[in-house]
Amino acid sequence: MKRLVKAARLHIIALTLLLGFIVNTLGPVSTSYAASSEWIAGNIISDQVFTNYQSMSFDDIQRFLNSKVPSCDTYGTQTSEFGGGTRAQWAIANYGQSSFTCLKDYNEGSRSSAQIIYDVARQFRINPQVLLVLLQKEQGLVTDTWPLDIQYRSATGYGCPDTAPCDSEYYGLTNQITWSARMFRAIMDSSPTWYTPYVLGDNYIYYNPSTSCGGSIVNIQNKATKALYNYTPYQPNAATLSASMGTTVNCGAYGNINFFRYFTNWFGSPRGDYCVTSLSQTVIGINFAKQSDRKDLGVFQIYSGASTGCIEAHIWNSGAQSWKEHISTNSSSINPDNSSLQYADLNGDGKDEAILIGLRNTGSGMVEFHIWDSGLKTWKEHIISNMPAIDPSISQVSFADVDGNGKDEGVLLGVANGSTSTGKIEAHIWNEGMRSWRDHIITNANTIDKSATQLSFADLDGNGKDEAILISMKKSVSGGGNIEMHIWNEGMRSWRDHIITNQIAN
């Protein structure tokens, strides 16, 4: 029984100064969808989620890794964050290393990193999502575009106690992942040969390796949470919980709260309860989403007030007379005054992704896009855009295939008074990824009252491009007393058609 190693917190103190900057500059994680209010110190992750070893196939793991690092800086040509020229130049000077292999491309022996994670998850019946989060919160490997060799050497921090150097017996990616999963499985099985100082029930958990920082009693409610404390024996203090991710505070410890935040943002609730909070007011909406057969199906959505406390999507069959599917998502209820939910085909595969858009009061202070996987139970991607948060009462974010390439572009629309400096409706079209602008359009139409007029996009002529449509909904803005549709030409600077419908304006 190797008590020191197996009871040790696996956070690499020796590498903190050198690698902390890399981990902390991976990009902010919105706490809007991993709220500190949802953190429960005694119930970080459920036993069922922790041991769901079939949650991801090998292909799922590889796709996930690919999505986190679309482009690896293999030869370190980008400017070093530490100064001193390029990344390669800095790494040569400090580590004798001039090229870098990202986790998605990494191989050890005859197996890829995805295969190693998949195999170990199966061997020890531990959720591969847990192993992915472990690699991220310890060394930032999942999202690192130029990882150092030493990050793989102690990839999960196993055998690296706070008070001593890392034990070389546990070096190597396969070794690290295997020993971590072995420890987790031993705790889950209550193995008598594996030491743990924690029990189900009350335990005194420190806030920091320095005992002078104090701690508090935590009632550990399940074995999986016990396993995480066996791995990282600290809890976040109040200042850590209130600080944004990547911000350090006095007496803070981040291992377990970062595990919770990464897991929640990537895969949904680690407890499997999905939603914790709910707004008392019921807010609903109807949207349309393209399925695999390329037909748009109606989706009845409950944004808040659902019995589950989650955003819910109830999908009709064709004809809207019966239900195809009922989904309780992994996202807590939203306030439509701050957020919106839309569907768009972002990758051109003919299927629409569901997108939760944070418009204001976001964790980053920017407009955010949180993109679901097809089942709306896990996140596919989180994008913090280049646009500061907006007021949804005067501006909106929409999606449209403006160029006919099969992919929908994000469009920021200034539609009402106060949203533009020109007094005209303006359309700002994002490039793919929503981090830079492709086009800025000042239209020929004056700003509108959003309560009386709406702006939508649709492909009305079947040429593969969406037209912008200004819809007059109320009699106060409809000259003929009926709902009117005013269709722009491409570029939104002239009109293509004006249609007075047969529906009386309300």
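One structure accompanies this document, and this report is about it. (Residues numbered from 1 in each chain as written. Predicted model: local features only at pLDDT ≥ 70, side-chain atom pairs only at ≥ 80, totals over all residues. Heavy atoms only, no water.)

1. A word on the overall build of the chain
Here comes step 1: Across its full length, the chain carries 12 helices and 20 strands.
Here comes step 2: Relative to its full complement of 506 residues, the chain shows a buried share of 53%.
Here comes step 3: Considering only contacts in the chain between residues 6 or more positions apart, those separated by 24 or more positions represent 54%.
Here comes step 4: For the chain, the accessible area works out to roughly 21700 Å², and carbon and sulfur atoms hold 49% of it. (Helix = DSSP H or I, 4+ residues; strand = E, 2+ residues; numbered from the N terminus. Buried < 20%, exposed > 50% of the residue type's maximum accessible area, 1.4 Å probe, protein only. Contact = heavy atoms within 4.5 Å. Areas by Shrake-Rupley, 256 points an atom, 1.4 Å probe, with all protein chains shown as cover.)

2. Digging into helix α12 (residues 255–267)
Here comes step 1: Between its terminal C-alpha atoms α12 stretches 18 Å, which fits the 18 Å expected from 13 residues at 1.5 Å a residue.
Here comes step 2: The element α12 is largely enclosed, with a buried count of 13 among its 13 residues.
Here comes step 3: Gly268 sits one or two positions beyond α12 and adopts a positive phi of about 100°. (Expected span 1.5 Å × (residues − 1).)

3. Quick look at the sheet that holds strand β8 (residues 323–332)
Here comes step 1: Here four strands make up an open sheet; going across it, the order is β5-β6-β7-β8 and the pairing antiparallel. Edge strands, defined here as strands with exactly one partner in the open sheet, are β5 (283–290) and β8. Mean inter-strand twist for the sheet, computed between neighbouring axes without regard to direction, equals 25°.
Here comes step 2: Note that strand β6 (residues 296–304) and strand β7 (residues 310–316) share four bridges and pair antiparallel. In the strand pairing of β7, Gln301 is matched with Ala313. (Pairing = 2+ DSSP bridges. Axes fitted to C-alpha atoms, helices over the stretch in contact; angles between N-to-C directions.)

4. Looking at the pattern of salt bridges
Here comes step 1: All told, the structure shown has 15 salt bridges when counted by the stated rule.
Here comes step 2: Salt-bridge contacts for Arg438 lead to Glu409; the nearest nitrogen and oxygen are separated by 3.8 Å. With a gap of 29 residues between them, Arg438 in strand β16 (residues 437–446) and Glu409 in strand β14 (residues 409–414) connect regions that are remote in the sequence.
Here comes step 3: You can call Arg438 partly exposed: its relative accessible area is 38%. (Salt bridge = Lys/Arg side-chain N within 4 Å of Asp/Glu carboxyl O.)

5. A few points about a nonpolar patch on the surface
Here comes step 1: Where nonpolar side chains cluster on the molecular surface, the patch consists of Tyr204, Tyr206 and Ile217 and spans about 300 Å² of accessible area.
Here comes step 2: By the secondary structure assignment, Tyr206 is in strand β3 (residues 201–206).
Here comes step 3: Its relative accessible area of 32% is what places Tyr206 among the partly exposed residues. (Patch = residues over 30% accessible without salt bridge, like charges linked within 9 Å, V, L, I, M, F, W, Y side chains within 5 Å.)

6. A look at the environment of Leu148
Here comes step 1: Relative to the assigned elements, Leu148 resides in the loop between α7 (128–139) and α8 (149–153).
Here comes step 2: Residues Leu148 and Ser98, spaced 50 residues apart in sequence, show a C-alpha to C-alpha distance of 9.4 Å.

7. Side note on the pairing of strand β13 (residues 395–400)
Here comes step 1: Among the six residues in β13, six count as buried, and that is most of the element.
Here comes step 2: Both β13 and β14 contribute to a ladder of six bridges, which runs antiparallel. If you follow Ala400 over to β14, its bridge partner there is Glu409.

8. Digging into the environment of Asn219
Here comes step 1: Structurally, Asn219 is set in strand β4 (residues 215–220).
Here comes step 2: Between the C-alpha atom of Asn219 and that of Gly201, which follows or precedes it by 18 residues, the distance is 4.7 Å.
Here comes step 3: Beyond its immediate chain neighbours, meaning those up to four positions away, Asn219 contacts Gly42, Gly201 and Asp202.
Here comes step 4: Only 3.0 Å separates the side chain of Asn219 from the side chain of Asp202, close enough to count as a polar contact. (Polar contact = N/O pair within 3.5 Å; in protein donor to acceptor, adjacent residues only side chain to side chain.)

9. Thoughts on helix α4 (residues 58–68)
Here comes step 1: Among all positions of α4, only Ile61, Gln62, Phe64, Leu65 and Lys68 are buried. For α4, the angular spread of the buried residues around the axis is 160°, confining them to a single face.
Here comes step 2: Taken together, the buried residues of α4 touch β2 (111–112), α6 (113–124), α7, α12 and β12 (379–388). (Arc of directions from axis to C-beta.)

10. Observations regarding the side chain of His314
Here comes step 1: By the secondary structure assignment, His314 is in strand β7.
Here comes step 2: Since its relative accessible area comes to 12%, His314 is described here as buried.
Here comes step 3: In terms of polar contacts, His314 uses its side chain to reach the side chain of Glu312, at 2.9 Å.
Here comes step 4: Of note is the side chain of His314, whose polar atom sits 2.8 Å from the side chain of His326.
Here comes step 5: Dropping the residues within four chain positions of it, His314 is found in contact with Gly298, Val299, Phe300, Ile302, Trp323, Glu325 and His326.

11. Let's talk about unusual backbone geometry
Here comes step 1: One non-glycine residue with positive phi stands out, namely Ser190, at about 55°.
Here comes step 2: Here Ser190 lies in the loop between α9 (173–188) and β3.
Here comes step 3: The partly exposed category is assigned to Ser190, whose relative accessible area is 43%.
Here comes step 4: Its identity is not glycine, yet Met434 carries a phi of approximately 60°, on the positive side.
Here comes step 5: In this structure, Met434 sits in the loop between β15 (424–430) and β16.

That is the geometry; function is a separate question.
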